[in-house]
Amino acid sequence: MYLCTFVAIGQFMEKIIEENKQGTQLDLEKIVGNTKKLFIESYGCQMNFSDSEIVASILSENGYNTTNLLEEADLVLVNTCSIRDKAEQTVRKRLEKYNAVKKTTNPGMKVGVLGCMAERLKSKFLEEEKIVDLVVGPDAYKDLPNLLSEVEEGRNAVNVILSKDETYGDISPVRLQSNGVTAFVSITRGCDNMCTFCVVPFTRGRERSRDPQSILEEVNDLAEKGFKEITLLGQNVDSYLWYGGGLKKDFDKASEMQKATATNFAGLLSLVAEAQPKMRIRFSTSNPQDFTMDVIETMAKYQNICNYIHLPVQSGSTRILKEMNRQHTREEYMQLIDNIKSRMPDCGISQDMISGFPTETEEDHQDTLSLMEYVKYDFGFMFMYSERPGTMAARKLEDDVPEATKKRRLQEIVEVQQKHSAYRTQQFVGKTLEVLIEKTSKRNENQWSGRIPQNTVVVFPKENYNIGDFVMVKITDCTSATLIGEAVGYSENNS
Ligand code: SAH
Ligand code: F3S
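Since the model is a prediction, treat every value here as computed from it, not as a measurement.

### Some words on the overall build of the chain
Right, on to step 1. A count of helices and strands for the chain gives 15 helices and 22 strands.
Right, on to step 2. Taken along its principal axes, the extent of the C-alpha atoms in the chain is 65 × 55 × 55 Å.
Right, on to step 3. For the chain, buried positions account for 58% of its 495 residues.
Right, on to step 4. Split by element, the accessible area of the chain, about 20300 Å² in all, is 49% carbon and sulfur.
Right, on to step 5. Of note, the chain has its 60 positive side-chain charges centred 2 Å away from the centre of its 72 negative side-chain charges.

Here you go:
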């Protein structure tokens, strides 16, 4: 969820280990008068997808319409991910493809790299990949028009400066490629947590929050356009803190007045829930160390905040959690799960797990499996450890778990998750649940696909219902990933 193009268990099992190799391209409504053609595609997390919408918006005011044909593009932008080595390899392969198209059919096209790989490799990218003309880090997109004029004059251009306050709060992303029902709204950028395995703090910079007023404006605008569900997005949404601007780490230096009027994540959730009581609200990603009782109470209080939490744990071993610099123990995490379930017994919970972190023993791995047994997650996103250059783990710890062991442990984690996913979906059979219709089912064009608040996918016959309707669906059957049912009428929420 930080919707990385992680793959949810059950839905595309074979891809869990493989990683998603498909980029997603934007092809938006054309603006009359724009003559240049932009091909933009995104890899990695949802923040990248959301950023690409911001980039498309900036460039639409600078003469560019989007296209999904590489062959006709004047400018090709690829928004990249560095989270695991495989994610970077995927982008390198795409660059080879652009190169081939440039050589054969489109000699004039320019190529730019955006996102985390741009930030990590900086101008080295230009040396390593001759096809690249432009390198732009995640906080420098507003500079794109200037950088592009340099490129047009035949010079390579690089801007990878990370910002203290850039949140793109003033740019309304173009969302015309979406289903018109669900949308992502960024609320924080960067991350201060320094998990020892993670490259994000290096590529996305320090943590800063966006003005709640601009978040509310975006949410209200989405509601007006007919959107029915929003996901508040950040690397670590629970540490959201608005005190008038500036980095989260500088909050201590804020004035008494600023501190007294600051908005935290629970406060933001209430503001959004009250502003749009019919809008479904989700958020991602939560970090257990920052997840407060206040957030649990706020979720329980507002019916429109979905009872679903993506709560990555990475490992069930306190010793490994410490090595990862996660700021909680196994027991504290279990307590948090208990607190969530006691206030919201029906709350859906999902995980991220890493197998084979340096020094992980068989006993640590068993701790992960037993933690999973305790929680019985609804679904999860599971990865083998991939050493990232520059991170604390890469500098201080040897990547000493053999590949085959990492793989075997991952497989065991995946199998346990599959069992739990099947258990969780089975619990819904016989119930009548509210579903927001998002699209036609991939498997059957006579069926709709939507999700319940807990985030589980439901498919059911279309009848006379439409995309964007809230429908009550009686669940009659399930697989480990999908609920199958029949609509029994509109939900009260339908307007
Ligand atoms: N806080 C972020 C986490 C981003 S990374 C969020 O919003 O989701 C997403 C997931 O990728 C992490 O939770 C972790 O499980 C996995 N991950 C990150 N770095 C990794 C690495 N070096 N090797 C394997 N998996 C990693
Ligand atoms: Fe990465 Fe940990 Fe932040 S996983 S994004 S450093 S919370």
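The discussion continues.
### Brief notes about the pattern of salt bridges
Right, on to step 1. Tallying each qualifying case throughout the model produces 33 salt bridges.
Right, on to step 2. Across the salt bridge formed by Lys249 and Asp250, the nearest N and O atoms sit 3.5 Å from each other.
Right, on to step 3. For Asp250, a relative accessible area of 17% translates into the label buried.
Right, on to step 4. A single salt-bridge network, built from bridges that share partners, covers Glu229, Arg280, Arg282, Glu434, Glu438 and Arg451.

### Thoughts on the site of ligand 2
Right, on to step 1. In the neighbourhood of ligand 2, the contacting residues comprise Cys191, Asn193, Met194, Cys195, Phe197, Cys198, Val200, Pro201, Gln235, Asn287 and Arg326.
Right, on to step 2. Residues that form the shell around ligand 2 fall into these classes: seven nonpolar, three polar and one charged.

### Some details on the layout of surface pockets
Right, on to step 1. Here the second largest pocket is characterised by a volume of approximately 320 Å³.
Right, on to step 2. Its residues assigned to classes, the lining of the second largest pocket comprises six nonpolar, three polar and seven charged.

### Focus: the state of the cysteines
Right, on to step 1. Taken as a whole and judged by the stated rule, the model has zero disulfides.
Right, on to step 2. Cys347 takes part in no disulfide bond, and the closest cysteine sulfur, belonging to Cys306, lies 9.8 Å away.

### What about the domain arrangement of the chain?
Right, on to step 1. The assigned domain composition of the chain is domain 1 (4-159), domain 2 (182-426) and domain 3 (432-490).
Right, on to step 2. Computed over C-alpha atoms, the centres of domain 2 and domain 3 are 27 Å apart.
Right, on to step 3. Between domain 2 and domain 3, the contact holds 18 residues from the first and 18 residues from the second.
Right, on to step 4. Of the roughly 1300 Å² buried between domain 2 and domain 3, counting both surfaces, carbon and sulfur atoms make up 52%.
Right, on to step 5. Between Arg451 and Glu229 there is a salt bridge, with the nearest N and O atoms lying 2.9 Å from each other.
Right, on to step 6. Across the contact surface, domain 2 and domain 3 share nine residue pairs in polar contact (both at pLDDT 80 or more).
Right, on to step 7. Listed by contribution, the elements that provide at least two residues to the side of domain 2 that touches domain 3 are β14 (280-284) and α15 (403-428).
Right, on to step 8. Looking at the side of domain 2 that touches domain 3, the element that brings in the most residues is α15, giving five residues.
Right, on to step 9. When grouped by side-chain class, the residues that make up the side of domain 2 that touches domain 3 number five nonpolar, seven polar and six charged.

### What to know about the nonpolar core
Right, on to step 1. Core analysis: the largest hydrophobic core is formed by 51 residues, its most contacted members being Leu232 and Phe265.
Right, on to step 2. With six residues, the top contributor of residues to this core is helix α9 (residues 265-275).
Right, on to step 3. With residues near it in sequence (within four places) discarded, Phe265 still touches Ile187, Leu232, Val237, Asp238, Tyr240, Phe283 and Val295.
Right, on to step 4. Residues Phe39, Val78, Tyr98 and Met117 belong to the second largest nonpolar core, which totals 22 residues.

### A short note on the environment of Asn455
Right, on to step 1. With respect to the element layout, Asn455 can be found in the loop between β19 (447-451) and β20 (457-461).
Right, on to step 2. Judged by relative accessible area, Asn455 falls into the buried class, the value being 8%.
Right, on to step 3. The spacing of Asn455 and Glu438 is 17 residues in sequence and 12 Å in space, taken between C-alpha atoms.
Right, on to step 4. At 3.5 Å, the side chain of Asn455 forms a polar contact with the side chain of Arg282.
Right, on to step 5. Among the polar contacts listed, one links the side chain of Asn455 to the side chain of Arg451, at a separation of 2.5 Å.

### Concerning the packing of helix α10 (residues 293-301) against helix α12 (residues 330-343)
Right, on to step 1. Two elements in contact, α10 and α12, have axes whose closest approach is 10 Å; the angle formed by their N-to-C orientations is 20°. One way to sum up the angle between α10 and α12 is to call them roughly parallel. Here the hand of the crossing between α10 and α12 comes out right-handed. Across the interface between the two elements, Met293, Ile296, Glu297 and Ala300 of α10 pack against Leu336, Asn339, Ile340 and Arg343 of α12.

### Some details on the packing of aromatic side chains
Right, on to step 1. Evaluation of the coordinates by the stated rule reveals eight aromatic pairs.
Right, on to step 2. The ring of Phe251 has Lys259 sitting right over it, with the charged end atom 6.0 Å from the ring centre.
Right, on to step 3. Positioned above the aromatic ring of Trp448, the side-chain terminus of Lys462 is 4.5 Å from the ring centre.

### Let's talk about the site of ligand 1
Right, on to step 1. In the vicinity of ligand 1, 16 residues are found, and the nearest of them are Gln235, Thr285, Gln314, Asp352 and Ser386.
Right, on to step 2. A distance of 2.5 Å separates a nitrogen atom of ligand 1 from a polar backbone atom of Gln235.
Right, on to step 3. One nitrogen or oxygen atom from the side chain of Gln314 is found 2.6 Å from an oxygen atom belonging to ligand 1.
Right, on to step 4. Protein contacts shield 94% of the accessible area of ligand 1, which totals 540 Å² for the unbound molecule.
Right, on to step 5. Every element with two or more residues in the shell around ligand 1 is listed here: β16 (348-355) and β17 (379-384).

### As for helix α2 (residues 85-104)
Right, on to step 1. Over its 20 residues, α2 runs 29 Å from end to end, which matches the ideal 28 Å to within 8%, given 1.5 Å per residue.
Right, on to step 2. Within the span of α2, buried status applies to Ala87, Glu88, Thr90, Val91, Arg92, Arg94, Leu95, Tyr98 and Val101.

### Considering the sheet that holds strand β15 (residues 308-310)
Right, on to step 1. Pairing within the open sheet is parallel, and its three strands lie in the order β15-β16-β17. Whereas interior strands pair on both sides, the edge strands pair on one side only; in this sheet they are β15 and β17. Strand after strand, the sheet turns through a mean of 10° between neighbouring axes, direction not considered.

### Considering the confidence of the model for the chain
Right, on to step 1. For the chain, per-residue confidence averages 92 on the pLDDT scale, and 94% of positions sit at 70 or higher.
Right, on to step 2. Below pLDDT 50 for its whole length, residues 1-20 participates in 66 contacts with residues either more than four positions away or in separate chains.

### Let's talk about the packing of α12 against helix α13 (residues 362-375)
Right, on to step 1. Running from amino to carboxyl end, α12 crosses α13 at an angle of 15°, the nearest separation of the two axes being 11 Å. In terms of orientation, α12 and α13 fall into the roughly parallel class. Crossing handedness for the pair α12 and α13: right-handed. Touching Arg330, Tyr333, Met334, Ile337 and Asp338 of α12 are Asp367, Ser370, Leu371, Tyr374 and Val375, all from α13.
Right, on to step 2. Per-class residue counts for the contact of α12 with α13 are six nonpolar, one polar and three charged.

What counts, and at which threshold
- Residues numbered from 1 in each chain as written.
- Chains lettered and ligands numbered in written order.
- Predicted model: local features only at pLDDT ≥ 70, side-chain atom pairs only at ≥ 80, totals over all residues.
- Heavy atoms only, no water.
- Helix = DSSP H or I, 4+ residues; strand = E, 2+ residues; numbered from the N terminus.
- Buried < 20%, exposed > 50% of the residue type's maximum accessible area, 1.4 Å probe, protein only.
- Areas by Shrake-Rupley, 256 points an atom, 1.4 Å probe, with all protein chains shown as cover.
- Lys, Arg positive; Asp, Glu negative; His and termini not counted.
- Charge placed at Lys NZ, Arg CZ, Asp CG, Glu CD.
- Salt bridge = Lys/Arg side-chain N within 4 Å of Asp/Glu carboxyl O.
- Near = heavy atom within 4 Å.
- Nonpolar A, V, L, I, M, F, W, Y, C, P; charged D, E, K, R; others polar.
- 1 Å grid on protein atoms, 1.4 Å probe; cavity = no way out; pocket = protein on both sides within 12 Å on 5 of 7 lines; lining within 4 Å.
- Points joined across faces, edges and corners; volume = space filled by probe spheres on them.
- Disulfide = S-S within 2.5 Å.
- Domains from an automatic or database assignment.
- Contact = heavy atoms within 4.5 Å.
- Buried area = accessible area lost by both parts, 1.4 Å probe.
- Polar contact = N/O pair within 3.5 Å; in protein donor to acceptor, adjacent residues only side chain to side chain.
- Core = buried A, V, L, I, M, F, W, Y, C linked by side-chain atoms within 4.5 Å.
- Axes fitted to C-alpha atoms, helices over the stretch in contact; angles between N-to-C directions.
- Parallel < 35°, antiparallel > 145°, perpendicular 65-115°, else oblique.
- Left-handed = near helix turned anticlockwise from the far one by under 90°.
- Phe/Tyr/Trp six-rings, centres within 6.5 Å; stacked < 30°, edge-to-face > 60°.
- Lys NZ or Arg CZ within 6 Å of the ring centre and 35° of its normal.
- Expected span 1.5 Å × (residues − 1).
- Pairing = 2+ DSSP bridges.
- pLDDT = per-residue confidence, 0-100.

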